[in-house]
Amino acid sequence: MTLHARRAFLGYLAASPLYAQSAPGPIAKPEDAINVFDFEPAARQVLPPAHFGYLQTGVVADATLAANRTGFDRYQLRPRRLIDISQIDTSVTLFGARQEFPLLLAPVGNIGAFHAEAELPVARAAAATRTTQILSTYTNTSVETINAAAGRPVWFQLYATGSPVAADRLWRRAEDAGCPVVLLTVDSQAGRNTETLSRAKLLDSRKCTLCHDPAPGGFFKRKPMLAGINMAGVPTSNAALTWDFVRQLRKSTKMKLLIKGLVTHEDARLALECGADGVVVSNHGGRAEESGRGTIECLPEIADAVGGKMTILIDGGFRRGTDIYKALALGANAVCIGRPYVWGLAAFGQPGVERVIDLLRAEFSLIMKQCGKRSIAEINKSSLTSRA
């Protein structure tokens, strides 16, 4: 290799994001992180293989998981110049509540696998950063305890399990606790084939009984939201779920109702017809079905279908401020993240979660300025161009 070629290669390598993420080894403290990707190897270092595999897995060949990231490459930004950007406003109002940044913390079940205090450090980080937390049905901490730690009621994600009685008691408990919004998750009816998790388990020499109850119904025993509900023989998902359940829930609850897990304009229109207040464009972080389609690619048809008549949230693969900006430009009102904040939680607890949020907020603010946008309301499709 010539000297010139060697210098060119080293220059390319030094500029590579993969090199930047892996060369120094895992970060030692949250403030060492340059971007949210830096938390992934730090989490891998401290988590058992099966727990990290559970966090990282998609379904089947992980094609949809990958598409959630590569989908952003379809869209490029159109920066503007000579606009006064000395003062910008990144705040957004969702269902009457103002927050300083259009980012929410997505529900993550079994989060006790990633930190001894489970959701509590997340709740404290949400309070410190004034970020909305969404609590999973399969939380390891009760909604009442989380609301106290967060300093305000969180949003609640509802799985309509195979027991109608259980589903009814779950959302009523969340409503009684003051939760203003419920997200009905509908993308898990068919079950899933998590190959990456299955392979990760083979690398884990620990006995699963150390943290899992192998007895029948053991999955539910460490889920405080299901305490006192007879879940014997009840499947975690409901294969018989239909839009009738959505209509009934809409009639019964005072909470704002979002349908989480929609990826087509047909279903978005049905959600609107059923009286839902919003949708979450989601494929469960690539863990629902192997469509091979990223959520950012699904967003435009859903935004067109609802025509501004309901709130649109989106999750799936968001790792950069530019990702968040692209989603808002395509019609989303806000974005949810899951894995990034769990990486931060696993590696460093509450400070890790806060650092992840702060990094994304800084990146988002920067790209707003570069595109000449002074408020969220100014972000629209004029900021984007796309590849066919």
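These numbers come from a predicted model, not from an experiment.

J.: It is not clear to me how the pattern of salt bridges should be interpreted in this structure. Could you clarify?
T.: Where charged atoms from two side chains of opposite charge come close, those side chains can pair. Summed over the entire model, instances satisfying the criterion amount to 15 salt bridges. Between Asp 323 and Arg 69 there is a salt bridge, with the nearest N and O atoms lying 2.7 Å from each other. On the criterion of sequence distance, the pair formed by Asp 323 in helix H14 (residues 321–329) and Arg 69 in helix H5 (residues 63–70) is long-range, its members being 254 residues apart. Judged by its relative accessible area of 3%, Asp 323 falls in the buried class. The salt bridge partner of Lys 260 is Asp 315, with a shortest N-O separation of 3.8 Å.

J.: Where do I start with the pairing of strand E6 (residues 155–159) in this structure?
T.: Within a regular beta strand, the side chains point alternately toward one face of the sheet and then the other, so they alternate between its two faces. Within E6, 5 of the 5 residues are buried, leaving the element largely enclosed by the surrounding structure. With 2 bridges connecting them, strand E5 (residues 132–135) and E6 associate as parallel partners. The partner of Leu 135 across the bridge, within E6, is Phe 156. Crossover E5 to E6 through helix H7 (residues 143–150) is right-handed. Pairing between E6 and strand E7 (residues 181–185): 4 bridges, direction parallel. When the bridges of E7 are listed, Phe 156 appears paired with Val 182. As a crossover connection, the stretch from E6 through helix H8 (residues 164–176) into E7 is right-handed.

J.: Quick question: what am I supposed to make of the packing of aromatic side chains here?
T.: Two descriptors summarise a pair of aromatic rings, namely the distance from one centre to the other and the angle between the planes of the rings. Tallied over the entire structure, the rule returns 7 aromatic pairs. On the numbers, 6.1 Å between centres and 80° between planes, the contact of Phe 39 with Phe 348 is edge-to-face. Separated by 309 residues along the polypeptide, Phe 39 in helix H3 (residues 39–46) and Phe 348 in helix H15 (residues 339–348) bring together distant segments of the chain. Accessibility assignment for this pair places Phe 39 and Phe 348 in one class, buried. Their ring planes at 15° and their centres at 6.2 Å tell us that Tyr 54 and Phe 114 sit as a pair that is stacked.

J.: Help me understand the packing of helix H4 (residues 49–56) against helix H9 (residues 195–202) in this model?
T.: A pair of packed helices is characterised by two quantities: the angle between their axes and the separation of those axes. Relative to each other, H4 and H9 sit at 170°, their axes nearing to 8 Å. Comparing the axis directions of H4 and H9 gives the class roughly antiparallel. Facing Pro 49, Ala 50, Gly 53 and Tyr 54 of H4, the residues of H9 in contact are Leu 197, Ala 200 and Lys 201. Class assignment for the residues of the contact of H4 with H9 results in 5 nonpolar, 1 polar and 1 charged.

J.: What is the right way to look at the environment of Arg 319 in this model?
T.: With respect to the secondary-structure elements, Arg 319 resides in the loop between strand E10 (311–314) and H14. Those residues within four positions of Arg 319 in sequence are excluded, and the remaining contacts are Val 36, Phe 37, Arg 69, Arg 339, Pro 340, Trp 343, Leu 360 and Glu 363.

J.: Any chance you could explain the packing of H14 against helix H16 (residues 350–370) here in plain terms?
T.: H16 packs onto H14 with a crossing angle of 60° between their chain directions and a minimal axis gap of 7 Å. The orientation of H14 relative to H16 falls into the category oblique. Judged by the twist between their axes, the crossing of H14 over H16 is right-handed. Counted together, Gly 321, Thr 322, Ile 324, Tyr 325 and Leu 328 of H14 and Leu 360, Glu 363, Phe 364, Ile 367 and Met 368 of H16 form the full contact between these two elements. Of the residues in the contact of H14 with H16, the class split is 7 nonpolar, 2 polar and 1 charged.

Rules of the game
Residues numbered from 1 in each chain as written. Predicted model: local features only at pLDDT ≥ 70, side-chain atom pairs only at ≥ 80, totals over all residues. Heavy atoms only, no water. Salt bridge = Lys/Arg side-chain N within 4 Å of Asp/Glu carboxyl O. Helix = DSSP H or I, 4+ residues; strand = E, 2+ residues; numbered from the N terminus. Buried < 20%, exposed > 50% of the residue type's maximum accessible area, 1.4 Å probe, protein only. Pairing = 2+ DSSP bridges. Right-handed = clockwise from strand over helix to strand, strands pointing away. Phe/Tyr/Trp six-rings, centres within 6.5 Å; stacked < 30°, edge-to-face > 60°. Axes fitted to C-alpha atoms, helices over the stretch in contact; angles between N-to-C directions. Parallel < 35°, antiparallel > 145°, perpendicular 65-115°, else oblique. Contact = heavy atoms within 4.5 Å. Nonpolar A, V, L, I, M, F, W, Y, C, P; charged D, E, K, R; others polar. Left-handed = near helix turned anticlockwise from the far one by under 90°.

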